[in-house]
Amino acid sequence: MLELRLVVHAPNGARLGVLPHASNLEVACPLDDVPALMLSTSANAVNTDLLAGPVEVAVEWSIDGQTWTEGPDCRFLRIKRRGDSTDRAGMGRFELPGYAWMLRKVVLFPGSAPLVDGKRPFLSSTPGAILATFLQEGQARGAVPGVSWDFTPTHDSAGQPWAKVLTIYYQPGIDALTTLINLAEQGTLDFRMNGRTLQAYNADTVLGRDLASGAAPVDLRFGRDIVAAPDIGTYEDAATSALVVGDDGFRMSFTNGAAEAPWGRWEAAIGQGGVSDPGTAFLLAEALLLRVGHERVQRTRQITPHTARWLPWRDYRPGDRILAPGEGGAMESLRVRQMTIIRDQKGVLGGNLVLNDRLLERDLRLARRTAGIVGGSTAEGGSGARPAPESPTPRTPAAPAGLIVDPLAYIDEHGLPRGQVTATWGAVTQDVNAVALTVGGYELFMRINEVGAPWYLVAATEAADTNATFSPLVVGQQYQFKVRAVNLGKKGLFSSSVAVTIPDDTTAPPVPTAPTLASRLGVVHVAWDGLGVGAAPMPADFHRVLVWIQDPLAPGWEEIGYMDAAGSLMVPGLPYGLDREFSFTAIDRSGNTSARSATATIAAVQLVQGDAANDSITTGAILANAITAAKIAAGQILAGHIAAGAITAAKLEAVLALASRIVAGDPGGARVELNSSGLEAYNASSVQTVFISSASGAVSIVGQLATGVTGRRIIINPAGAADPEIRYYPGSGTNYARTYADSDGAIIHVSGLSPDTTRRSYVIQRGDEWRMHMVQASDGLAGGGYMFAQPTQLEVGHNDIQGRLNRFLFSRGGTSTTGYTTFRGTWSFETGAGMLMFARSLPESGGAAATYFVGFAVTLASTPRLVFSADNPVPDRLSFHMRNPGTGGFTLRSSESSLGSPPTFTVALHVWAWRQHGVT
């Protein structure tokens, strides 16, 4: 049985002695926070005098009373006491925070590097590097000499490399404990104290053990481990819709159709500067709406160590996932968020656990993700120094440092996985010559991470913003990012580039509810209500629920069908009277599969009773006229039983009315059947394939329907097809085209292969979009011309398999173009104005020269007006001018070309040439 004792230690020193049993004792150990110990004891008790001054108190636990162990987060500081001098019993009450409280006494000093906007930067730093900086500098000043730590700037306390890197700014004077809790709240780490040693781990690893699964899960049960289970729920923060307000008039509204709405629509708003793309807005709205779309419930479970199978510290600790009663007492995987052990005045031990269910854990992850998106880890930008006066010409800003790109996957409004990135970098406060400078903003560039791929400007920020977001991106694709500062139009140096791979969605759908089974007419019906366990709705990217069966006496699950919504599946052909076990698994569009649902078992009930025993039916047992046409099976009246000429026209009515059915074939297998409903046909598995209704004349056919066997033909619902579809075959061969509808009701037309068998084309018609594109036959990647129409925009362009995108985008906000614009052929300016634009990197071939002729690639009708800009010249001191412009081009020279030995140079050139209307 669990027992506790209190051991007193000198401050940062040795053990002093054991305290007697306190009259009241309460130990609270939360995850990622400071634990607390409260105790009451008499001043007259043995060793109570040890609490007279500052000491450390360790809580030790034991099962047998012989071996005692100090658990994690069980070292406390005798900081605060209370007493009453008139109390003859001399009762004192002590409130002791955990040893981690000591970190409040270490503050951040400015350090030797310049401050940014009065804050100390940590650029591209791990959580371990940040914390070690606080502790090492503090101990160098003589602070908290007793504190130790077992993590490093590169590895956590378990020896694993840090998974997160941050660019973050802290105000000098902030203490180490606040910083530690802030890092935990952002999801970068979990922490605890082990004695006087601070231990920090990658989030949800060592302090996130899964003890709820496996052969012997830790399961806390009513009456044995748990004696009470109070829940507190509230709808105070509930909402069904959210408005995201971003930069430059950006507004988007989102609604959570699965949210609880007992009083109708409730709205919320998110104001976040820097957001101007739909993907990031969707992520922010999704995070909010999922958090506030349901009742918020705090689950507390009162435990008793006297009859319990599982004991705190020994079997579980804060951060672990265990099985415990959740909603309605059903066993769920819940996470221990706080563990409190209490000993009352009678010396009886008890306690309680604060548990997070899957919804609260999901909310916590969403809150951490949102903090990363909105730049909670970045400074406000600007400089803490007084800017130097600007020189007459703009100066070149230095390259930003500390670029970090955090990729995320999300599910868009169509249920498809998409990618989003949040980029963060350090503020630029100097030019390339280390002279103080105030920049005007930043530009973030992106390209596919391939040699030679073009760079695209994807975000531009104001001076105060050192973070930006961009979406949507392709999951699984690798992209490269870089950023530069801008000063009065002067482009700064680029930062080092960062490459990231957009992760795919890895969140599995909820576990489906258990199958509901029924047996009718010899067929088992397997039904699903369309929900997950706990009435959880299926997510937007839900694809289908797979139906599984096994013989419980010979286990081995076999997939037998699927459902893409609430409904039922008929399972014929099962042996009568033998149990069969059914279960579900849910799968989403990314291929993530849920755990198996609870199972249900049923035996198929025989439709027709077996034959009677031989000689068991005699003439005396048959009533007169009891044998009618309805009682005679097909084929059982033989010719030998019918007298010659006995069946005449007089015996048959003009219309033969059937009381039951006429069957040709096996009554329980392949057959054609005429009954009161109409004409029906069944295959060998007794699955209906044809039905002609006698009431309406409607015809239903299950299976393949073809207009021919060979040659040009149409086949409807071809055998073996994954989806119901129509195939169009050519005169010869198998290069067919097809048309089908997906689960969203979209109509999809797919052509046959091109003559060289390298590509095919798609046309997709959905309720809110129309798309045409080509794909490579070898790998399915899009490449070629495309058109994409939505209610708010139309996009036309070309995208090859190397990711070089050229497009026109038409929307209510205007028209934009991406990629290269090239003019070919002969231009005629006789009747109007004209313009050409191009970029050129000089030299185009060979070595660097002192002058270059820049050709237009076409011959113009007359000499145009010319404007050019030169980026990144080498050497960078040069300026440039134009000589001898003509109809075919001009000569580019540097400002130093008149020198005896003019310098050679390389340069990136942007040229605009135009003719005004009526000007020659």
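Residues numbered from 1 in each chain as written. Predicted model: local features only at pLDDT ≥ 70, side-chain atom pairs only at ≥ 80, totals over all residues. Heavy atoms only, no water.

Colleague: An account of the overall build of the protein chain is requested, with residue identities and associated values reported.
Modeller: For the protein chain, the helix and strand inventory stands at 4 helices and 61 strands. The buried share among the 920 residues of the protein chain stands at 41%. Accessible surface, the protein chain: about 47100 Å² in total, of which carbon and sulfur atoms supply 54%. (Helix = DSSP H or I, 4+ residues; strand = E, 2+ residues; numbered from the N terminus. Buried < 20%, exposed > 50% of the residue type's maximum accessible area, 1.4 Å probe, protein only. Areas by Shrake-Rupley, 256 points an atom, 1.4 Å probe, with all protein chains shown as cover.)

Colleague: Which residues make up the pattern of salt bridges, and what values go with them?
Modeller: A full pass over the atoms with the stated rule returns 29 salt bridges. Residue E56 is joined to R75 by a salt bridge in which the shortest nitrogen-to-oxygen separation is 2.8 Å. With E56 in strand β5 (residues 56-62) and R75 in strand β6 (residues 69-77), the pair connects residues that are 19 residues apart, well separated along the chain. Here E56 matches R75 in class, with each residue buried. With a shortest N-O distance of 3.3 Å, E673 and R671 are connected by a salt bridge. (Salt bridge = Lys/Arg side-chain N within 4 Å of Asp/Glu carboxyl O.)

Colleague: How would you sum up the nonpolar core? Please name residues and give values.
Modeller: Ranked by size, the top nonpolar core spans 39 residues in total, and within it L37, L220, W313, Y316, I322 and L353 carry the most contacts. In terms of residues, this core owes the most to one element, strand β21 (residues 331-343), which gives 4 residues. Residues within four places of Y316 in sequence aside, it is in contact with R209, L211, V218, L220, I303, W310, L311, I322, M339 and L353. L108, I130, F151 and W162 belong to the second largest nonpolar core, which has 33 residues in total. (Core = buried A, V, L, I, M, F, W, Y, C linked by side-chain atoms within 4.5 Å. Contact = heavy atoms within 4.5 Å.)

Colleague: I'd like a description of the side chain of R192, backed by residues and values.
Modeller: Relative to the assigned elements, R192 resides in strand β12 (residues 189-194). Despite its burial, R192 remains without a salt bridge, the nearest opposite charge being carried by D73 at 6.7 Å. At a separation of 2.9 Å, a polar atom in the side chain of R192 contacts the side chain of Q199. Side chain to side chain, R192 and Y201 meet in a polar contact 3.4 Å long. Not counting the four nearest positions on each side in its chain, R192 is found in contact with P72, D73, T197, L198, Q199, Y201, L207 and R317. (Lys, Arg positive; Asp, Glu negative; His and termini not counted. Polar contact = N/O pair within 3.5 Å; in protein donor to acceptor, adjacent residues only side chain to side chain.)

Colleague: A description of the packing of aromatic side chains should follow, citing residues and the corresponding values.
Modeller: If you walk through the whole model with that rule in mind, you get 14 aromatic pairs. Between F445 and F494 the ring centres are 5.3 Å apart and the planes differ by 85 degrees, which places this aromatic pair in the edge-to-face class. Within this pair, whereas F445 is found in strand β25 (residues 441-448), its partner F494 is found in the loop between β29 (490-491) and β30 (498-501), the two being separated by 49 residues in sequence. Aromatic side chains W528 and F542 sit 5.8 Å apart centroid to centroid with 45 degrees between the ring planes, which places their arrangement in the tilted category. Here the residue W528 occupies a position in strand β32 (residues 523-528), and F542 occupies one in strand β35 (residues 542-551), the gap between them amounting to 14 residues. A relative accessible area of 5% places W528 in the buried class. You can call F542 buried: its relative accessible area is 12%. Counting every residue linked through ring pairs, the aromatic cluster contains F122, F134 and Y170. (Phe/Tyr/Trp six-rings, centres within 6.5 Å; stacked < 30°, edge-to-face > 60°.)

Colleague: Could you give an account of the sheet that holds strand β40 (residues 661-665), with specific residues and numbers?
Modeller: Strand order in the open sheet formed by 5 strands is β40-β41-β42-β43-β44, and the pairing between neighbours is antiparallel. Each of the sheet's edge strands pairs with one partner strand only, and the pair in question is β40 and β44 (699-701). Mean inter-strand twist for the sheet, computed between neighbouring axes without regard to direction, equals 10 degrees. (Pairing = 2+ DSSP bridges. Axes fitted to C-alpha atoms, helices over the stretch in contact; angles between N-to-C directions.)

Colleague: Got a sec to walk through unusual backbone geometry? Specific residues and values, please.
Modeller: Residue P472 is reached from S471 by a cis peptide bond, and omega for that bond is -5 degrees. Take P472: it is sitting in strand β27 (residues 467-473). With an omega dihedral of 0 degrees, the bond running from L842 to P843 counts as a cis peptide bond. The phi dihedral of N12 is positive, around 55 degrees, even though this residue is not glycine. Of note, N717 is a non-glycine position whose phi angle comes to about 55 degrees, a positive value.

Colleague: Lay out empty space enclosed by the protein in plain terms, naming residues and giving numbers.
Modeller: Enumeration according to the criterion identifies 4 cavities of 30 Å³ or more in this entry. In this structure, the largest cavity spans a volume of roughly 110 Å³. Lining the largest cavity are 13 residues, with P72, D73, R192, R317 and P318 sitting closest to its centre. Here the residues of the lining of the largest cavity are counted per class, giving 9 nonpolar, no polar and 4 charged. (1 Å grid on protein atoms, 1.4 Å probe; cavity = no way out; pocket = protein on both sides within 12 Å on 5 of 7 lines; lining within 4 Å. Points joined across faces, edges and corners; volume = space filled by probe spheres on them. Nonpolar A, V, L, I, M, F, W, Y, C, P; charged D, E, K, R; others polar.)

Colleague: Can you explain the confidence of the model for the protein chain? Please cite residues and give values.
Modeller: This prediction gives the protein chain a mean pLDDT of 81; 85% of its residues lie at or above 70. Predicted confidence in the protein chain is weakest over helix α4 (residues 358-373), with a mean pLDDT of 60, and strongest over strand β13 (residues 197-202), with 95. Under a pLDDT of 50 for its full length, residues 610-614 has, in the predicted model, 1 contact with residues more than four places off or in other chains. Confidence drops under pLDDT 50 across residues 653-659; counting only partners more than four residues distant or on other chains, this segment forms 2 contacts. (pLDDT = per-residue confidence, 0-100.)

Colleague: Break down helix α2 (residues 176-185) for me, citing the residues and quoting the values.
Modeller: Burial within α2 is extensive, with 7 of its 10 residues counted as buried. The complete set of buried residues in α2 reads A176, L177, T179, L180, I181, L183 and A184. Remark: G187 follows α2 within two positions and exhibits a positive phi of approximately 80 degrees.

Colleague: How would you summarise the side chain of D175 if you had to cite specific residues and measurements?
Modeller: Within the secondary structure, D175 is located in the loop between β11 (166-170) and α2. A distance of 3.0 Å separates the side chain of D175 from the backbone nitrogen of L177, its partner in a polar contact. In contact with D175, other than residues within four places in its own chain, are L103, R104, V106, V107 and F134.

Colleague: Tell me about the pairing of strand β49 (residues 747-750), residues and numbers included.
Modeller: Residues of β49 alternate between two faces, with I748 and V750 buried on one and I747 and H749 left unburied on the opposite face. As paired elements, strand β48 (residues 737-741) and β49 share 4 bridges and run antiparallel to each other. Bridge pairing links R738 to V750 in β49. Between β48 and the antiparallel strand that follows it, β49, lie 5 residues; G745 among them carries a positive phi value of about 85 degrees. Pairing analysis gives 4 bridges linking β49 to strand β50 (residues 759-766), with the strands arranged antiparallel. Note on β50: the bridge partner recorded for I747 is Q765.

Colleague: Please set out the pairing of β13 residue by residue, giving values where relevant.
Modeller: Across the 6 residues of β13, 5 count as buried, placing the element largely inside the fold. Across 2 bridges, strand β10 (residues 148-149) lies against β13 in parallel orientation. Bridge pairing links S148 to T197 in β13. Pairing analysis gives 6 bridges linking β12 to β13, with the strands arranged antiparallel. Across the sheet, F191 pairs through a bridge with A200, a residue of β13. Hairpin geometry of β12 and β13 is characterised by an intervening segment of 2 residues between the two adjacent antiparallel strands and by a positive phi of about 70 degrees at G195.

Colleague: Give a description of the state of the cysteines that names residues and reports values.
Modeller: On inspection of all chains with the given rule, the structure shows 0 disulfides. No disulfide involves C74; its sulfur sits 4.7 Å from the nearest other cysteine sulfur, which is in C29. Assessed through its relative accessible area of 1%, C74 is described here as buried. (Disulfide = S-S within 2.5 Å.)

Colleague: Please set out the sheet that holds strand β17 (residues 251-255) residue by residue, giving values where relevant.
Modeller: A sheet is described by the order of its strands in space; here 3 strands give the open sequence β17-β16-β18, paired in mixed fashion. For this open sheet the edge positions go to β17 and β18 (267-271), each flanked by a neighbour on one side alone. Adjacent strand axes in the sheet meet at a mean angle of 20 degrees when their direction is disregarded. Two strands pair when backbone bridges link them, and strand β16 (residues 241-245) and β18 are joined in this way by 5 bridges, in the parallel orientation. Note that in β18 the partner of L243 across the bridge is A269.

Colleague: I'd love a proper account of the packing of helix α1 (residues 127-140) against α2, names of residues and values included.
Modeller: Direction vectors running N to C along α1 and α2 enclose 170 degrees, while the axes themselves pass 10 Å from each other. Classed by the angle they form, the pair α1 and α2 counts as roughly antiparallel. Between α1 and α2, the residues in contact are P127, I130, L131 and F134 and A176, T179, L180 and L183, respectively. The residue inventory of the contact of α1 with α2, partitioned by class, reads 7 nonpolar, 1 polar and no charged. (Parallel < 35°, antiparallel > 145°, perpendicular 65-115°, else oblique.)

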